[in-house]
Amino acid sequence: MRRSVATVCLSGGLVEKMHACAEAGFDGIEVFEPDLVACDHSPEEIRALADRLGLSLDLYQPFRDFEGVDEATLADNLRRAEAKLALMQRLGIDTLLLCSNVASATVPAEDYEEVAAGQLRQLGDLASSYGVRVAYEALAWGAYVDDYRTAWRIVQRADHPAIGICLDSFHILSRGHDPAGIEDIPGERIFFLQLADAPALSMDVLSWSRHHRLFPGEGSFDLAGFLGHVLAAGYDGPLSLEVFNDTFRRTDVRRTATHALRSLVWLEDTVSPRLTPGVPPRGIDFVEVKAEDTTDVEVALGQLGFTFRGRHRTKAVRLWTSGSARVVLNEQQAREEVPHLAAIGVQVDVPEAALARAAELLAPAVHRRTYAAEVPLGAVAAPDGTEVFACPVVEDDAAWVAEFEGGGPDERTAGAVTRVDHVNLAQPWSDFDEAVLFYSAVLGLRADSGTQVAGPHGLVRSQVMRTPDGCVRLPLNLAPDPSAMTAQHVAFACDDVVAVARRALAAGMRFLPVPANYYDDLAARYGLDESRLEELRSLNLLYERDGEAEFVHFYTRTLGEVFLEVVQRIGGYDGYGAGNAPVRLAAQGRA
Ligand SMILES: O=C(O)c1ccc(O)c(O)c1
Ligand SMILES: [Mg+2]
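Residues numbered from 1 in each chain as written. Chains lettered and ligands numbered in written order. Predicted model: local features only at pLDDT ≥ 70, side-chain atom pairs only at ≥ 80, totals over all residues. Heavy atoms only, no water.

S.K.: What exactly am I supposed to notice about the site of ligand 1 here?
M.R.: Around ligand 1, 15 residues are found, and the nearest of them are Arg64, Glu137, His171, Arg210 and Glu242. Here an oxygen atom of ligand 1 sits 2.7 Å away from a polar atom, N or O, in the side chain of Arg64. The contact in question runs from an oxygen atom of ligand 1 to an N or O atom on the side chain of Arg210, over 2.6 Å. Burial of ligand 1 by the protein amounts to 100% of the accessible area it has alone, namely 290 Å². For the shell around ligand 1, the per-class residue count stands at six nonpolar, three polar and six charged. (Near = heavy atom within 4 Å. Polar contact = N/O pair within 3.5 Å; in protein donor to acceptor, adjacent residues only side chain to side chain. Areas by Shrake-Rupley, 256 points an atom, 1.4 Å probe, with all protein chains shown as cover. Nonpolar A, V, L, I, M, F, W, Y, C, P; charged D, E, K, R; others polar.)

S.K.: In this structure, what is going on with the UniProt feature "binding site: a divalent metal cation" (unreviewed entry) in the protein chain? I would like to understand it.
M.R.: The positions that UniProt labels "binding site: a divalent metal cation" (unreviewed entry) are, in the present scheme, Glu137, Asp168, Gln194 and Glu242. Considering the C-alpha atoms alone, the annotated residues occupy 106 residues of sequence yet fold into one spot, their largest mutual distance being 12.8 Å. With respect to the helices, strands and loops of the structure, Asp168 is situated in strand S6 (residues 163–168). With sequence-adjacent residues up to four places away left out, Asp168 is seen in contact with Glu137, Gln194, Arg213, Phe226 and Glu242. Along the chain, the position of Gln194 falls in strand S7 (residues 190–195). When near neighbours in sequence (up to four residues on either side) are disregarded, Gln194 contacts Glu30, Leu59, Gln61, Leu97, Glu137, Cys166, Leu167, Asp168, Ser169, Ser240 and Glu242. (UniProt positions renumbered as here; feature names shortened; annotations may be inferred. Helix = DSSP H or I, 4+ residues; strand = E, 2+ residues; numbered from the N terminus. Contact = heavy atoms within 4.5 Å.)

S.K.: What is the right way to read the domain arrangement of the protein chain from this model?
M.R.: One frequent convention defines the size of an interface as the accessible area lost when the parts assemble. Each domain of the protein chain was delimited in the assignment, giving domain 1 (6–271) and domain 2 (283–590). A separation of 44 Å is found between the C-alpha centroids of domain 1 and domain 2. Contacts between the two partners involve 17 residues from domain 1 and, on the opposite side, 17 residues from domain 2. Interface of domain 1 and domain 2: buried area, both sides summed, is about 1500 Å²; carbon and sulfur atoms make up 60% of it. Taken as a group, Arg255, Arg262 and Trp266 account for 43% of the area that domain 1 buries against domain 2, more than any other trio of residues on that side. Linking domain 1 with domain 2 are four salt bridges, by the criterion used here. (Domains from an automatic or database assignment. Buried area = accessible area lost by both parts, 1.4 Å probe. Salt bridge = Lys/Arg side-chain N within 4 Å of Asp/Glu carboxyl O.)

S.K.: What's the story with the nonpolar core in this structure? I'm lost.
M.R.: Buried together is how nonpolar side chains tend to be arranged in soluble globular proteins. The biggest cluster of nonpolar side chains holds 176 residues, and the ones touching the most others in it are Phe26, Leu304, Tyr439, Leu474, Phe492 and Phe554. When residues of this core are assigned to domains, at least three fall in each of domain 1 (6–271) and domain 2 (283–590). Among all residues touching Tyr439, those that are not within four sequence positions of it are Ala382, Thr386, Val388, Leu425, Gly444, Leu445, Met465, Leu474 and Leu476. Grouped together as the second largest cluster of nonpolar side chains are 14 residues, Leu319, Ala343, Leu377 and Trp400 included. (Core = buried A, V, L, I, M, F, W, Y, C linked by side-chain atoms within 4.5 Å. Buried < 20%, exposed > 50% of the residue type's maximum accessible area, 1.4 Å probe, protein only.)

S.K.: I'm lost on the sheet that holds S6 in this one. Help?
M.R.: Whether parallel or antiparallel, the strands of a sheet pair through hydrogen bonds between backbone atoms. If you trace the eight strands once around the closed barrel, you get S1-S2-S3-S4-S5-S6-S7-S8, paired in parallel fashion. Strand-to-strand twist in this sheet, taken as the mean axis angle between neighbours without regard to direction, amounts to 30°. Two strands pair when backbone bridges link them, and strand S1 (residues 3–6) and strand S8 (residues 239–241) are joined in this way by three bridges, in the parallel orientation. For Ser4, the partnering residue across the bridge sits in S8 and is Ser240. Docked against the sheet, helix H6 (residues 148–158) engages strand S5 (133–137) and S6, running at close to 170° with respect to S6. (Pairing = 2+ DSSP bridges. Axes fitted to C-alpha atoms, helices over the stretch in contact; angles between N-to-C directions.)

S.K.: What am I meant to see in the packing of helix H9 (residues 223–232) against helix H10 (residues 253–271) here?
M.R.: Between two packed helices, what matters for the description is the angle formed by their axes and the separation of those axes. Where H9 meets H10, the closest approach of the two axes is 9 Å, and the angle between their N-to-C directions is 70°. By the criterion of interaxial angle, the relationship of H9 to H10 is roughly perpendicular. Seen along the crossing, H9 lies across H10 with a hand that is right-handed. Residues Leu223, Ala224, Leu227 and Leu231 of H9 lie in contact with H10, whose contacting residues are Leu267, Thr270 and Val271. Of the residues contributing to the contact of H9 with H10, the split by class is six nonpolar, one polar and no charged. (Parallel < 35°, antiparallel > 145°, perpendicular 65-115°, else oblique. Left-handed = near helix turned anticlockwise from the far one by under 90°.)

S.K.: Help me out: how do you make sense of the coordination of the magnesium ion (ligand 2) in this one?
M.R.: Only Glu137 (OE), Asp168 (OD), Gln194 (OE1) and Glu242 (OE) from the protein coordinate the magnesium ion (ligand 2), and they sit 2.0 to 2.2 Å from it. Geometry at the magnesium ion (ligand 2) is octahedral, judged from the six donor atoms that bind it and their angles of 78 to 173° at the metal. Written as a sequence motif, the donor residues of the magnesium ion (ligand 2) are E-x30-D-x25-Q-x47-E. Of this pair, Glu137 sits in strand S5 while Glu242 sits in the loop between S8 and H10; the two residues are 105 residues apart in sequence, bridging distant segments of the chain. (Donors = N, O, S within 2.8 Å, 3.2 Å for Na, K, Ca; no water. Tetrahedral: all angles 85-135°; square planar, octahedral: opposite > 155°, others 65-115°.)

S.K.: Would you take a moment to explain the sheet that holds strand S9 (residues 283–290) for this structure?
M.R.: In space, the nine strands of this open sheet follow the order S14-S15-S16-S13-S9-S12-S11-S10-S17, with mixed pairing throughout. Sheet topology places strand S14 (365–366) and strand S17 (404–406) at the edges, where each strand pairs with a single neighbour. Bridge count between strand S13 (residues 340–348) and strand S16 (residues 387–392): six bridges; the pairing is parallel. If you follow Gln347 over to S16, its bridge partner there is Cys391.

Listed below in structure tokens is the structure:
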């Protein structure tokens, strides 16, 4: 299907937006009137530019407050319309978006549909004389028409070939209107389709629409179900994104255009699969920490009971493991870099297929030689720059260790770390929504419902991306201001966190200190007995209970821009200790 995007989605001026849309691979755009008015190119120049770029100008929008008015206002509205129709002729655009009246409608409710239909018929006559069709859209906050079914009744009543309907997923789904009724509208009467997702928020619908729309796959609307109804109706016009969002209006226009297109490719594939299928990954193969000097991280891994498995034969790369948890320490090309999470490897059944899907979803490929078994692993860059490697599923680490020399065998002690439990990835404000789409569309992860945790500087947005079985869990946290400590960390799972903590303490580990007040609060919350409390307190352990399930965990001090966590899940605990996050964030703030 043809793919289009409203210029209001993007940042900058109309000309830059057009270049970015064409470069990303869109077929067309909706020209948002304020973008044209503010532009120093003439309509003829914009038309010529669109031609040169191979972009079609699919829609001119919005035209407002036309119908349901008194006679004097109607005469003025027809005059306004005629000016826009003449402008559209200069631009070569054949479809005008008309939003339902929010301001000037005066006709009483019982006469509204009849009067509005008559007035739309007059607009239809005028528009056809300019070769233009009018797509009537029910805004969710329209004064009388706020439901697509009402708009459709008026369009039917207007009974004019130049008057049809515009369907916008936001207005329909935000109000909870059943989209199944779309199938009753003949496809050729649907003149235009606008797609937007949004997070579930309880706020007034206008502010929700103007500030918080998201690209498909990033919010909580069922866009695939919605599009299914529109296609079942027989609609064959463009799929056009119309996303009002303050973040996307500020981020790099080229990158946002690619991000937008990825959301449409993903949505189309969800409705009628065409791409290499996305399969949830099977586990975390490795995490890579990069720094000029990785010593501090290696010391901490040793204290946590990890084994040094050797130095890479040819590169400044070292491997530490405990069970299936593998940490690669990379000192290559890292001058002046403090320890940070540079890459994660995820195990997938068919790495080539996963990479093919990533490419179809416009994920930027990363080129670098890797470690394991001389197998050149492919990788893509996540929005925040973290490199994500597609690794084969392996039962043991023989292939891994073969490339490393001078280390010992993995001698795990009882209760030791067994695997990577989760990897927290800090996201800059500009990347968060894009990352949600990236990890779901490209990596086949599912977004859990988002939360917010209280930090010393305010609420921190958090969204877990995971496989249904929990073998891969990537909580995304909004990074506090970039100069502050980051929220990146690797959490390791173990069977006996008390044993791991005791051993680490004896080995001189510097834990993230937990204040005494926290343990008083735990006693009050859960009624833990004194000996249990004392054990937790003496080892800086944090505790959370969910029904019968328990979560016990501790953190290391921050090492550069990363820290480590060890967790024990008891009785099927499935969370991340969100209740303890404020204590951790405050302690890290003090450290
Ligand atoms: O917020 C608005 O006014 C507005 C304008 C045009 C649209 O297509 C829309 O969905 C909303
Ligand atoms: Mg719209």
